[in-house]
Amino acid sequence: MKWLRKMVSVLLVTGMLLTLLPTGAWASDIGDWNDQETTPTPEGSWPDENNYDISWYTSATEGSTTFELKDAEDLAGLAAITAGKATNRDGETIQEKFSGKTVQLADGVTIDLYGKEWSMISGFKGTFDGNSDGGASITNLTMTSADNRSGGLFASISEKIENVEVTNAYIKISTLKNNTRVGGIVASATSGTPTINNCSFEGTIIVQPDSSVISDENGVGGIVAEAEDALVSNCAFSGIIQSEAQATGGIIGLNANTNVTRCENKGTVNSDRNLGYVGGIVGQDKTSSTISTCTNNGDVTGGQSSDVGGIIGLMYGCSISECSSKPEASVEGNSAGFLGGIAGRVLSNSAGSNAKITGCVNNGSVTSFENSSGTGVGGILGGIYSNGFSVSGNVTIETCSNTGAITGQDKNGATAGGILGHHKDISTALTLKQCYNTGTVASTQKTGTSDVAGIGGIIGSLGTNATSRMEDCYNTGAIKASELDVPAGGLLGRLYVLNSSATGKSDFSIKNAYNIGSITGKTTGGIYGALSDDANPTLENCSYWDSCGASGPGDIKTSNAMTDDEDWPENLGLDQSIWTKVSNRKL
C-alpha cells in the first residue's frame, strides 16, 4: 500500500513554516515514595482456614467444565485449590489446575478482597473469565507480606485470562531477587501459548530490593511481569509503578516472542534502578516480538544509565508499529542512558537481527537530566548501541513523526534528535525514511566537550561503519544548541566514524530531505552540523530554508520556493507518490 503524507504550507509575514502530515494523522527516589505511600495492613490471608469456599467446585456435577465464582471466598477457594491447600469435608486434599476448563465470575459481582493478604492463584492451566463485560470486578487486592517473592492475581498461567478488571489494588514486594516477577494480573505467562485479553489493573505496585545488591533477570509489569510466546491484547494499566527491577513496563516487564496489541498505559511508571529498562508498555523485549497499536498516556522515568521509552525501554529484533505517546505523556531519565518517545534503545544481539519501528507518533516530551556524557535522546528512538560488540544488524525507522519537545542536558554535550538520538553501533545499518519532526530539539552543555555529541532535526549524532541512509524526511522544529560547542544541523547534528581503521569507514547518504527549522549554536549547518575527518556523507536533493540561521552544503531555498502551491514538487524534489500538499494559508 502506498504511504501518502500531506504537506501543509503556512506563509508568515516574518518567516515560513512548512509541515508535512500523514493523511491519516492522528524522578523521584525510593525514599520519597515511601514517605508518600499509605500501606494497607491486612490481617490474615485469604486461603487460610475458614477464609475460602470451594463448594462451587465440590458440589458441581461430575464432569463439569465450567465453574462460577460469586464472592471473595470463592476466588480464594480457587487459589487454595490450585495451590493444593484446599480440603474437603473428609479432610482430603483437593488440587486442580483446571486444564481444559473455564472459571468465570458471576454477572455484576464485585469480588472485594479488603482486609486480608492475597495469595496468588498458582499454576492455572484453564480459562479464567473475569466477566468485566457483565459488570464483574475484583477490588482491594493487597499483597504486603515480607515473605512474598512475586506478586499478582495469578502466579502463572498457560492458557487464557480475559475480561478481568482489578481496581484499588496494592502490591508491595520488599524482597526483590533473581527471578522475582510482579504483575498486576499475572506474574508469569511463559508456559504454553498463554493469552491475556481485555484486562485492566488500577492501583499501586512497589518493588524494592532487600539489600544493596540488586539482582538481574527480574521483571515488573502493570498487567504481566513476564510474557513469552504469548498474546497480550486490549489491556490497560492506571496507577503507579515504583520499581527497582531490571525490566519495568506499564503492561509487561520482561517480554519475548509475544504479540502485544491495543494496550495502553495511563499511569506513572518509575524506576530508580541503574542500568534498567523502563517502558510505558514493555520494559525489555529479548527477541522478535511485535508491538502494535499501543498507546502511552503516562509519565515514564528511569534511573541512571537506563534505557527508557514511551512504549519500550530496550528492544532487540522487535517490530513496533502504529504506536503513540500522547501530548500528556513524558519520558525522563539520566543522561547516560538512551531515552525515546517510542523506544529507548535498540541492541543488536545476533548477526542479521532486524528491529523495525513504523507508523509511530510521539507527541510527548523526552528529557534527559544532567549526569555525564553518552546520552541519546530521540523523539522516536533514543539510540542504537550494542554495548561495544561488533554484531551486524539492521534497524528501520519508517513513516514516524515527532511533535514533542526533545531536550538533552549533559555536562559534556548531549546528543538529541527529533527522530533518532544517537546511533553508535559500528556494524548496524540504519534505514530512516518518510519521517518528520516539528518539535523543538535542544541541548544544554555545562562544561567540557564531546567528540560525539550533536543535535539534529532528524538524527542527533551518527557513528557507524555500516551502510546507512536517510530518505524523504524533513524538519520544521527549532534546533537549539547550548552556549558551548555542540554541533547542530537541520537534519543531522554530527556524523563521525566510530572506527576509522575499519573497512568501509562511513557510508551515509541523505536523499530527498529538507529543513526549514531555525538553527542556533556555535557550529551549525542547514543539513548537518559537523563531520569527523573520515566522514563524507552523500547528499542528493537536500535543501534548507535560506533564513534558518545556518549555511553549508545543500540547496538553499527561499520560503516562496518551498511553499509554492504549483511548483513545490520540482522546487523541493519530492515524490508526489509519497507526499501531498494542501494549499498555503496565512496566519
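A brief report on the enclosed structure follows. The model shown is predicted, which means the values in this text are computed figures rather than measured ones.

1. Section: the overall build of the chain
A count of helical and extended segments in the chain gives 5 helices and 64 strands. Across the 587 residues of the chain, 60% fall into the buried class. Accessible area for the chain stands at about 20900 Å²; split by element, carbon and sulfur atoms hold 42% of it.

2. Details of the side chain of Ser45
Within the secondary structure layout, Ser45 lies in the loop between helix H1 (30–36) and helix H2 (55–58). Within polar-contact distance, the side chain of Ser45 engages the backbone oxygen of Glu117 at 3.4 Å. Polar contacts involving the side chain of Ser45 include one to the side chain of Ser119, which spans 3.3 Å. Discounting residues that sit within four places of it in the chain, Ser45 has contacts with Asn51, Lys116, Glu117 and Ser119.

3. Here's the deal with the nonpolar core
Leu75, Trp118, Phe128, Ile320, Ile397 and Leu432 are the most contacted members of the largest nonpolar core, which totals 142 residues. Counting residues per element, this core draws most heavily on helix H3 (residues 72–83), at 7 residues. Beyond its immediate stretch of four places on either side in the chain, Leu432 contacts Ile397, Ile419, Leu420, Ile458, Ile459, Arg469, Met470, Glu471 and Cys473.

4. Examining unusual backbone geometry
Phi is mostly negative for residues that are not glycine, and the peptide bonds are mostly trans. One non-glycine residue, Arg262, lies in the positive phi region at around 55°. As for its position among the elements, Arg262 is in the loop between strand S24 (259–261) and strand S25 (264–265). Taking the relative accessible area as the measure of exposure, Arg262 reaches 46% and is therefore partly exposed. You will see that Thr293, though not glycine, has its phi angle at about 55°, which is positive.

5. Focus: the sheet that holds strand S42 (residues 376–378)
Judged by pairing direction, the sheet is parallel, and its 11 strands sit side by side in the order S14-S18-S22-S27-S32-S37-S42-S47-S52-S56-S60 without closing on themselves. In this open sheet, the two strands that pair with only one neighbour each are strand S14 (181–183) and strand S60 (524–525). As paired elements, strand S22 (residues 247–249) and strand S27 (residues 277–279) share 3 bridges and run parallel to each other. Paired with Gly249 across the bridge in S27 is Gly279.

The rules behind each value
Residues numbered from 1 in each chain as written. Predicted model: local features only at pLDDT ≥ 70, side-chain atom pairs only at ≥ 80, totals over all residues. Heavy atoms only, no water. Helix = DSSP H or I, 4+ residues; strand = E, 2+ residues; numbered from the N terminus. Buried < 20%, exposed > 50% of the residue type's maximum accessible area, 1.4 Å probe, protein only. Areas by Shrake-Rupley, 256 points an atom, 1.4 Å probe, with all protein chains shown as cover. Polar contact = N/O pair within 3.5 Å; in protein donor to acceptor, adjacent residues only side chain to side chain. Contact = heavy atoms within 4.5 Å. Core = buried A, V, L, I, M, F, W, Y, C linked by side-chain atoms within 4.5 Å. Pairing = 2+ DSSP bridges.

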